[in-house]
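Reading the structure
Here are the chains, one letter per residue:
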Amino acid sequence: MAISSQAHAESALEVKAVAPDGSPAHGIAVRATNTATDQTLSGTTDSQGRLRFGALGSGGTWRIETDATSQFRAFTSDLVSLRSEFQSNVTLRLEPVDAGSIVVTGLRTVSALNTSNAEVSATLTADEIRRIPVEARSLERLLFRLPGVTQSTGFFAEAPAVAINGANALYTNYTIDGLDNNENFLGGQRFPVPVGAIQDVTVLSGSYSVEYGRTANGVVNVTTPSGGNTFSGEAFFVTRPGGFTASRPDGTQNSLFGAPVSDNFQRYQGGVSLSGPIVKDRTFFFLNAEYVRDVTDNVLSAPALGVNERLTGRNEQILITGRLDHNWSDRLRTTLRFNHGRVQLERQGGGLDGGVTFPSAGSVQDRYSTNIALINTYAGDGFDYTGAFQYGGFDWNFGRPLRGAGPQATVYAGSDLSSPIAVIGSPGYIFDETERTFQTQQKLTFDFGRHRLKIGGDLIIADFSLQGGGNIDGNYAVSLSPAQLAALQGVGSGFSISDLPADVTLLNANFEVQPRAFGVPQRIYSAYIEDQFQATDDLSLTLGLRYDYDSLTAIGGKGDTNNFAPRFSFNYTPSETVAIRGGIGLYTEKIPYSVISDAIQQGSVSAGFRGQLQTLIDQGILPAGTDIGRITSGDGNASVDLTALCTAAFQCPDPTQFGPLADTLTYGERRIFNPSGLDNPQTLQLSLGVEWQAAPGWLVGVDAQYARGRHLLRLVDLDAPAPFTFNQAAYDALGPDGVAALSPEERAALGLIRPAGAADATRPALNPDGSVPEGGARSIIVTDSGGRSRYAALIFKLQKAKGTDPYDFSLFYTLSTLRNDTDDINFRANDANNFRADYGPSLNDRTHVISALVNLYPTERLTVSLAGLIQSGQPVNYVPDAAIFGTTDLNGDGLSFSDQYTGNPDRAPGLTRNSGRLPWAATFDLGLGYRFDGFGPGGLDLRADVFNLFDANNKSGFPVNFTSSNQIQVQGRPFVQNSASQPRSLQLTARYRF
C-alpha cells in the first residue's frame, strides 16, 4: 500500500520503506520514474528507512518502485503528483516474500494523511478541477470550494473575491510556482490564472512554513503544468448563452472582474493547451492560450433629448502561459515561465436599467499583466539548491477614454439642476497606474541525519507610478435653454461636445491643475531558516524563524525593523492511519502600496495645511518633534474651479498656470504620512488537528484554528470632532414618530443630532469659528496600524477517493467567528476615532459554511457532478433613518454611507457595528460530462454546467461591492434587497483532447 501526503518543502519526494512489523526497512534500493519525461532517479533507504529525492520538477507524475529482495517482494506505487514548493511523502509498506497473493494498491493524494507538519491546507488537481462546475474557467470562481475560503464582499467593483479565514480579500497572497503573483498596488492576482494553466492549486490557511510570508492571512499557490516526452494537448470552446434560464428582478450578474452585466449577457471562450518534447528526455514545453469575450447591453435613456437606445459593450481577456523545462543533467534543471494577460472591461455608457452617460463619456478599464520567471534547481549530495528570478509587470488604466481624451460636460435642462440630462465628452478623470516588480529567491536545503535544514532569502522590489487626478481638459457643467434643447432632440447616442451650441450656459468649470505622475518604490527583504527534525519514526518537529522588512513602514517615520516571526509545529503518527498535528507561529503582512499612494495623491504642502499640522503638534495630537516636511507631500493632484476665469463654455485659460491656486483653497480632507511610521500587520496563529484514514480511500479530519491579529491598518482623523453622545433617554421617551416631528434645531437641542457646524467647532485644527484655514482641510487623515482581530474556527472534512467505486466526494464544514475593529485600509471609526466601540463581527464573517462536491460515474464515459455551498448569512450594519432624524450623519462629522468608501457610516442609535445578520444562502451547481473516444488521434469531451440549479434568491454569500450589497439596512424599515446571487444559468463546454 502506498500512502502519499503533501507537506511543505522544496519540490521533492521522500520515500519511507516500512517492514511488515512497522520497523524501518533500511538498505532498500528505490527507483523514482517520471512518467512524462522518463527521468529515473535511484537511491537506497537509510537507517530510518527514508530516501529523499530533491530539486525535482513539478511536472508529470512519479512512480516509485523497489525490486524483490531476499526478504521483501517487489513494489510499485500509485502515481504521485508533486506540488511546487512542497514535498510529497510516500510510504512503502513492504510485503514479505512468503506472503500470499496480494494486490498492491495506492491512495490518491487528496485522501492521504499529512505525516510531516501542521500545515492547514487543501489542494485541487487539474483532474479534479475538470469535474467541478467552474464558471468561465476562473481560478477565483473555483477556490471557494475549499475549506477556509469564502467569496468576499469588497470595497470597489473590481475587488478580488477570495477571502481566506474571513479576512479582506486584498490580503490574500497569490503565488505561481512559489513566486509572487500579486497586484501590489491594492491586492489580488496580477495575472488572472485560468484553469487551463493549472496543474494543481493549493490554499494554505494556517501553520504553514516560514518559506511563505508577506501575508498574515492565507496563500494561494498555483503549480503550472510542464511538458513530457509525449506530445499532447487540448482545444476547447465554452459559452454562456444569452440570458438566464430563470429571470428575477432582484438577480444580479457580474463579469469576472465585478462589473454588472445585463440579463442578456453572453460569454464566449476558446483556447488551446499544448505540451511535449523539444529534445526528447531533456527539453520540454507547455503552452496555454485562452480568449474570453463577454457581451452585455446597457440602456441609454435620456428622455429630455429623445434618446432611448441599447448600447452593446464588450469585456475581453487574452491569457497566455508558456513554460520551458530543460534538464541539463539528472541534477541540474532550468525552468523558464511566461505569463501575459490583457484584460479590457468596457463601460459603454448608459446603465443596466437606463442611464444618461453617452458613449462619448464612456471608458475602458485596461489591466495588462506579465510574469517572466527563471528558476534553476540543483540536487547535490545531501543538499538541494533553488534560485529564482522573476520580472512582473502590471499596467492598470482604470478609465481610458472610449472615444479619446477631452473635456467632459454634464448637461442640465434650463434651471433644473436636480439631475443631469446627459453626460458627454470623456470619463472626466485619470487613473493610470504602472507597476514593475523584480523578485529573487535563493534557498538551500541540507540533510543532516534526522535534520533537514532549510535556509533562504527573498527580495521583492516594486516600482510604482500613478498618473492620477481630475481632467486637465476640464469637467464642465452646462445648461441648455428650451430652444437649444429642442434643437438637440433626437441627437442620438453619438451626442458629444461638438454638438453643444457655442452659447450654451456655463455653470461650472473644474480643472486638474497639477497633472503629474508620482510614486515611490517598495522593497521587501526576507530571510528564513527552518529545521525539520525527525525526532522519532512517529514524531516530526519543525522549528523556523522568518524575518521581513518592508521599506514602506519607514515613509514618514521609523521603519518596522523587529519583524522576527518564529514558527513551531509538530506531527505525530501514533499509527499508520492517524496523524495528529499542531502549530504556533507569527505571520507578518506587507503594507499595501495604495496606503502610501493615497497619502501622496491627497497630500499638501500649503502654508495653511502646515499650520494645521503644527497646531496638532502643539496640542500633543501629533508627536512632539514631528518633522512636518517628512510627513507631507506636494507631489499629488489638485483640481481647481476656474469658472470665473472662463469667457464661455470650453473657453478657459490654461489650467496648468493655476497650480499655486490649489494651495489657497480649502479641502474636505487631506492626508499625511504617519510620523511614527507603520507597523506591519501580524497574526499569532495556533492550530491543532487530527486526520484519520478510516479505510482505504477514506479520510476524516478536523482542524482547530485560532488567530489573533494586531497592527491592522485603518484611517484616523487627527482633526476629528469631539465625541458625540446620543441622548438615548430622549429618543426612548419621544419614540421615532416624536423625533420625526421635531425641527432640526429641536433635535440638536435634545442631543439627538449634532449639526456639522457644531461638530466643526470642536475640531482641534480649524479656525475658532469652525471654518477651515486657507489651504487647509477639515479632516486630516493618517493611516494607523493599531487595528486588531480575533479569528477562531473548527474545520471538519470527510473525503472519499474514487478507487474502484463509481463515486467520490468531499465534504467540508467550517464553524468560525471573526471579529475586528477594521475591515479595510480605508476603514474609519464611527465616531471620534473610537475604534474600541467598533469592535465587532467582520464584514465577511460567516458562522457556518458547508461545501460539498459529489462526483458520480454511472458509466466509464459519463460523469455527474453536484456541488453545493451552504452558508449562514453575513453581517448587516443598521444605519439611522433619515425620515426620523433628518439625516444619517447624527454626529455631524460629515461621513455617511453614500460618501465613505468603505461604508462605515453612523450606526443606528443603540446598536453596535454589524449587529444584524442576513439569511442563510444555499447554492447548488450541477455538471454533466460525457467523453467520446475515437475522434481522430484524440477524444471529445462535452459538458453542461447549470449554476444555481434551484434558482435560489441568495442575499449574501456571493462576490459584491459593499455599496451594492444587502449588508447595510435602515433601522426599523423593511428589508431592502439591493443585490442577489446570479439566477440559474447555463454554461456549455466542448473540449477536444489529443
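Note that the coordinates shown come from a computational prediction; the quantities given were computed from them, not determined experimentally.

About the criteria used
Residues numbered from 1 in each chain as written. Predicted model: local features only at pLDDT ≥ 70, side-chain atom pairs only at ≥ 80, totals over all residues. Heavy atoms only, no water. Helix = DSSP H or I, 4+ residues; strand = E, 2+ residues; numbered from the N terminus. Expected span 1.5 Å × (residues − 1). Buried < 20%, exposed > 50% of the residue type's maximum accessible area, 1.4 Å probe, protein only. Contact = heavy atoms within 4.5 Å. Salt bridge = Lys/Arg side-chain N within 4 Å of Asp/Glu carboxyl O. UniProt positions renumbered as here; feature names shortened; annotations may be inferred. 1 Å grid on protein atoms, 1.4 Å probe; cavity = no way out; pocket = protein on both sides within 12 Å on 5 of 7 lines; lining within 4 Å. Points joined across faces, edges and corners; volume = space filled by probe spheres on them. Nonpolar A, V, L, I, M, F, W, Y, C, P; charged D, E, K, R; others polar. Disulfide = S-S within 2.5 Å.

Between its terminal C-alpha atoms helix α5 (residues 607-618) stretches 16 Å, which fits the 16 Å expected from 12 residues at 1.5 Å a residue. Buried within α5 are the following residues: Gly-608, Phe-609, Gln-612, Leu-613, Leu-616 and Ile-617. Those residues of α5 that are buried are in contact with α6 (628-631), β37 (667-672) and β40 (777-800). One or two residues past the end of α5 sits Gly-620, with phi positive at roughly 80°.

Turning to the pattern of salt bridges, a few remarks are in order. Under the definition given, this model contains 56 salt bridges. With a closest N to O distance of 2.7 Å, Arg-145 and Asp-925 form a salt bridge. In this pair, Arg-145 is assigned in the loop between α2 (140-143) and β11 (149-151) and Asp-925 in strand β47 (residues 921-935), connecting sequence segments 780 residues apart. Residue Arg-145 is classed as buried on the basis of its relative accessible area of 7%.

Moving on: the environment of Ala-55. Among the secondary structure elements, Ala-55 is positioned in the loop between β5 (50-53) and β6 (61-66). Assessed through its relative accessible area of 7%, Ala-55 is described here as buried. Distance from Ala-55 to Phe-383, taken between C-alpha atoms, is 9.1 Å for residues 328 residues apart in sequence. Setting aside its immediate chain neighbours within four residues, Ala-55 contacts Ser-11, Arg-333, Thr-377, Tyr-378, Ala-379 and Asp-384.

This brings us to the UniProt feature "domain: TonB-dependent receptor plug" (unreviewed entry) in the chain. Under the present numbering, the feature "domain: TonB-dependent receptor plug" (unreviewed entry) in UniProt falls on residues 122-218. Between the end C-alpha atoms of residues 122-218 there is a gap of 12 Å, over a span that is 10% helix and 26% strand.

Turning to empty space enclosed by the protein, a few remarks are in order. To find the voids left in a structure, one rolls a probe of water-molecule size over its atoms. Overall, the coordinates contain 16 cavities of 30 Å³ or more when judged by the stated rule. Estimated volume of the largest cavity: approximately 430 Å³. If you go around the largest cavity, you meet 35 residues; those closest to its centre are Ala-167, Asn-217, Thr-683, Leu-712 and Ser-789. When contributions to the lining of the largest cavity are tallied by element, the ones reaching two or more residues are β16 (200-206), β38 (682-695), β39 (698-717), β40 and β41 (807-820). Considering each element in turn, the lining of the largest cavity owes the most residues, seven residues, to β39. Here the lining of the largest cavity is composed, by residue class, of 14 nonpolar, 17 polar and four charged.

Our next topic: the state of the cysteines. Per the stated rule, a full pass over the model turns up one disulfide. Covalent S-S linkage joins Cys-646 and Cys-652, the inter-sulfur distance amounting to 1.9 Å. Looking along the S-S bond of the Cys-646-Cys-652 disulfide, the torsion reads about 110°, which is the right-handed sense.

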